[in-house]
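Report on the structure
Here's the letter readout for the chains.
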Amino acid sequence: MAQLPKFLIADDPVTDPENEYIFHTEKPRFFAKRVEEDEETAYIDIIEEIDDVEAFYKDSPEKKQELLEQLEDWYYSYMEWLEDDGSEDEEDEE
């Protein structure tokens, strides 16, 4: 069986078109998403746990924070890739 990537994008355009989720495929497995508090404040947060994240990191909470920072970096790299890919498509059409 192939190794899954550490993070995957998950969305449901039919019943939840407004949200895009990030699935962490390794233990502790969970779903996260970008949460916008207002126009200037947004962050990535865990919204649904498959494995108990707090129990997994009970002896080293700093590792949980480190994982969330990795996830955030990955997500924003993904968003940049989407923008770059879209601008390349526009150039191809011209």
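Residues numbered from 1 in each chain as written. Predicted model: local features only at pLDDT ≥ 70, side-chain atom pairs only at ≥ 80, totals over all residues. Heavy atoms only, no water.

If you look at the biggest cluster of nonpolar residues, it comprises 13 residues, and the most contacted ones within it are I22, F30, I44 and L71. Among the elements of the structure, β3 (30-36), β4 (42-49) and α2 (61-93) are those that each provide at least two residues to this core. Broken down by element, this core gets its largest block of residues, 5 residues, from α2. With sequence-adjacent residues up to four places away left out, F30 is seen in contact with I22, F23, H24, I46, E48, E49, I50, V53, L67 and L71. (Core = buried A, V, L, I, M, F, W, Y, C linked by side-chain atoms within 4.5 Å. Buried < 20%, exposed > 50% of the residue type's maximum accessible area, 1.4 Å probe, protein only. Helix = DSSP H or I, 4+ residues; strand = E, 2+ residues; numbered from the N terminus. Contact = heavy atoms within 4.5 Å.)

The strand order across the open sheet formed by 4 strands is β1-β2-β3-β4, and the pairing between neighbours is antiparallel. At either margin of the open sheet sits one strand with a lone partner, and together these are β1 (7-12) and β4. On average, adjacent strands in this sheet sit at an angle of 35° to one another, irrespective of strand direction. As paired strands, β1 and strand β2 (residues 16-24) are joined by 6 bridges and run antiparallel to one another. Following the sheet pairing, F7 is matched in β2 by H24. (Pairing = 2+ DSSP bridges. Axes fitted to C-alpha atoms, helices over the stretch in contact; angles between N-to-C directions.)

If you trace the backbone, P5 turns up in the segment before β1. Judged by its relative accessible area of 42%, P5 is partly exposed. In sequence terms P5 and E26 are 21 residues apart; their C-alpha atoms lie 8.7 Å from each other.

What follows covers a negative patch on the surface. A surface patch of negative charge is lined by E37, D38, E39 and E40. Here D38 shows up in the loop between β3 and β4. Residue classification places D38 among the partly exposed residues on the basis of a relative accessible area of 42%. (Patch = residues over 30% accessible without salt bridge, like charges linked within 9 Å, V, L, I, M, F, W, Y side chains within 5 Å. Areas by Shrake-Rupley, 256 points an atom, 1.4 Å probe, with all protein chains shown as cover. Salt bridge = Lys/Arg side-chain N within 4 Å of Asp/Glu carboxyl O. Lys, Arg positive; Asp, Glu negative; His and termini not counted. Charge placed at Lys NZ, Arg CZ, Asp CG, Glu CD.)

Following K27, the chain continues into P28 via a peptide bond in cis, with omega recorded as 0°. Within the secondary structure layout, P28 lies in the loop between β2 and β3.

A complete count under the given rule lists 7 aromatic pairs for this structure. Centre to centre, the rings of F56 and Y57 are 5.0 Å apart; their planes meet at 80°, and the pair counts as edge-to-face. The exposure class assigned to Y57 is buried, which follows from its relative accessible area of 12%. With 5.6 Å between their ring centres and 75° between their planes, Y75 and Y76 make a pair best called edge-to-face. Judged by relative accessible area, which is 29%, Y76 ranks as partly exposed. Taken together, the aromatic side chains of F7, W74, Y75, Y76, Y78 and W81 make up a single cluster linked through ring pairs. (Phe/Tyr/Trp six-rings, centres within 6.5 Å; stacked < 30°, edge-to-face > 60°.)

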